[in-house]
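# A closer look at the structure
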Amino acid sequence: MQLKRTLVVIIACFSIAVFCIYTIPVHRSYLAEIEINADNLITYRTLLDTSNWNRWYNHNNQMDGAAQHSISITPDQQKKQFEYVLHENENETREGGIQIIKSNKWNSKIKWTEKLVIEKDIQQKIKLLFSQEEFRGAFLQNVIQFKNHIEHPDNIFGGITFERRDIPAKRLVILSDTVAISDIEAKANELYQFIIHAVPQKDIIQKDIYISQHEILDDSLAYVRVGVSVTDDLLSVKAPLDVRDTEEHPAIVMRIAKGYTEINEDISIMYEWLKKNDARPSTGFWIEHSPSVAIAQNNVKHPLTIIQEFYSIK
């Protein structure tokens, strides 16, 4: 009789324990501090690029492509911190916080915390309770992969996708002028219109595409240059126009859904991408335009195309 009561008590306790483990969420928190060879901007922009988290964030050693659709983020650029909630599935939630605690032009030191919450899976809960190293190892692996993703970038860096392209040799008609910084956009279109009305129409290769460059001279002035591609039959033009031949060269191309005067951050990221890929810009970058799209109205549907010629230092 005593044995039967003991068994009943044991079974009851076991049932209660199983019920509690099943119904009460189990969670563990992890912390890591790591230094990354990148500035605050690139680190922050990489975190904001949630559509590409699956390039460096994974679970159970397998990339979870669906996870990127269940991330909710709370960025605070002023305080240099970033919070996220990632629902990997109905059973697991990851709540994380990333703070930039030290940064300069070359490096950022970040403090990364993450809390893993398991809702129902008893087997996973028991593993989390008694075998934490596996989950901690997965967390640390994500931190390291994030660092490697920034320090050894492929074609995506700081939220920008870069495309390598071989630009063929071409002949350009160039027109330049100095203008107030506030009038850069209008001046680029004005120079383009001047060129296509001054050059014989039969010699213009693409009337629907032109390229431009600008250089900030001081607080109020900028130097703007516009180029239109023409045939080799056009040997000379009248001043102030100029004819320039370019050789075939490698370049990277990025598309930015911003206005003409809002791309400074993206350009700095592009230069850093070149540096990390053992390359350097060989000329100033060109911006490709379509006359049918107002320069100031560039957006996701009509992004700016930026072309940067480069050379390798390997």
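Up top you'll find the structure we're talking about.
Let us look at the structure shown here. From a predicted model like this one, the values you see are computed outputs, not experimental measurements.

Turning next to the packing of aromatic side chains. Counting across every chain of the model gives 12 aromatic pairs. On the numbers, 4.9 Å between centres and 25° between planes, the contact of Phe162 with Trp273 is stacked. Here Phe162 is found in the loop between strand S9 (160–161) and strand S10 (163–167), whereas its partner Trp273 is found in helix H6 (residues 264–276), with 111 residues between them in sequence. With respect to class, Phe162 is no different from Trp273; both count as buried. Among the aromatic side chains, those forming a connected cluster through ring pairs are Tyr30, Trp53, Trp56, Tyr57, Phe82, Tyr84, Trp112, Phe139 and Phe146.

A few words on the nonpolar core. One finds Trp53, Tyr84, Trp112, Phe162 and Ile306 to be the most contacted residues of the largest nonpolar core, which totals 66 residues. Looking at this core element by element, the count peaks at six residues for helix H5 (residues 184–198). If we ignore the near neighbours within four places in the chain, the residues touching Trp53 are Thr46, Leu47, Ile71, Phe82, Tyr84 and Leu86.

Turning to the packing of helix H2 (residues 40–48) against helix H4 (residues 132–151), a few remarks are in order. Their axes nearest at 11 Å, the elements H2 and H4 cross at an angle of 115°. For the pair H2 and H4, the sense of crossing is right-handed. Contacts between H2 and H4 involve Ile42, Thr43, Thr46 and Leu47 from the first element and Phe146, His149 and Ile150 from the second. The class makeup of the residues in the contact of H2 with H4 is four nonpolar, three polar and no charged.

This paragraph deals with unusual backbone geometry. Ala239 connects to Pro240 through a cis peptide bond whose omega is 10°. One non-glycine residue, Asp278, adopts positive backbone phi at about 55°. Within the secondary structure, Asp278 sits in the loop between H6 and strand S16 (279–281).

Attention now goes to the pattern of salt bridges. Considering all chains together, one arrives at 17 salt bridges under this definition. When the shortest N-O distance is used, the salt bridge between Glu151 and Lys147 registers 2.9 Å. In this pair, Glu151 and Lys147 both sit in helix H4, four residues apart, roughly one turn of the helix. Classification of Glu151 as buried rests on a relative accessible area of 16%. The salt bridge partner of Lys275 is Glu272, with a shortest N-O separation of 3.7 Å. Of this pair, Lys275 and Glu272 both sit in helix H6, three residues apart, which is roughly one turn of that helix. Lys275 sits in the partly exposed class, given a relative accessible area of 44%. Shared partners join several salt bridges into a network, and the residues in it are Arg45, Lys258, Glu265 and Asp266.

It is worth spelling out the sheet that holds strand S5 (residues 81–87) at this point. Judged by pairing direction, the sheet is antiparallel, and its five strands sit side by side in the order S1-S7-S6-S5-S4 without closing on themselves. In this open sheet, the two edge strands, each paired with only one partner strand, are strand S1 (26–36) and strand S4 (71–76). Averaged over neighbouring strand pairs, the angle between their axes works out to 15° when direction is ignored. Inspection of the sheet shows strand S6 (residues 92–103) paired to strand S7 (residues 108–118) by 11 bridges, in the antiparallel sense. When the bridges of S7 are listed, Ile98 appears paired with Trp112. Strand contacts of helix H3 (residues 122–130): S1, S6 and S7, with the helix running at about 55° to S1, the strand carrying the most contacts. Contacts between H4 and the sheet are confined to S1 and S7, with S1 contributing the most and set at about 30° to the helix.

Checked against the element boundaries, Ile181 lands in the loop between strand S11 (170–180) and H5. For Ile181, a relative accessible area of 25% puts it in the partly exposed group. As a C-alpha pair, Ile181 and Ala222 span 41 residues in sequence and 5.4 Å in three-dimensional space. Those residues in contact with Ile181 that sit more than four places away from it in its chain are Ile216, Asp218, Asp219, Ser220, Leu221 and Ala222.

This part covers the pairing of strand S12 (residues 210–216). Sheet topology places S12 next to strand S17 (residues 286–289); three bridges connect them, and they run antiparallel. Following the sheet pairing, Ser212 is matched in S17 by Ile287. Bridge count between S12 and strand S13 (residues 221–230): six bridges; the pairing is antiparallel. Residue pairing in the sheet places Ile216 in a bridge with Ala222 of S13. In textbook terms, the turn of a hairpin is the stretch between consecutive antiparallel strands, and for S12 and S13 this stretch comprises four residues.

Criteria and thresholds
Residues numbered from 1 in each chain as written. Predicted model: local features only at pLDDT ≥ 70, side-chain atom pairs only at ≥ 80, totals over all residues. Heavy atoms only, no water. Phe/Tyr/Trp six-rings, centres within 6.5 Å; stacked < 30°, edge-to-face > 60°. Helix = DSSP H or I, 4+ residues; strand = E, 2+ residues; numbered from the N terminus. Buried < 20%, exposed > 50% of the residue type's maximum accessible area, 1.4 Å probe, protein only. Core = buried A, V, L, I, M, F, W, Y, C linked by side-chain atoms within 4.5 Å. Contact = heavy atoms within 4.5 Å. Axes fitted to C-alpha atoms, helices over the stretch in contact; angles between N-to-C directions. Left-handed = near helix turned anticlockwise from the far one by under 90°. Nonpolar A, V, L, I, M, F, W, Y, C, P; charged D, E, K, R; others polar. Salt bridge = Lys/Arg side-chain N within 4 Å of Asp/Glu carboxyl O. Pairing = 2+ DSSP bridges.

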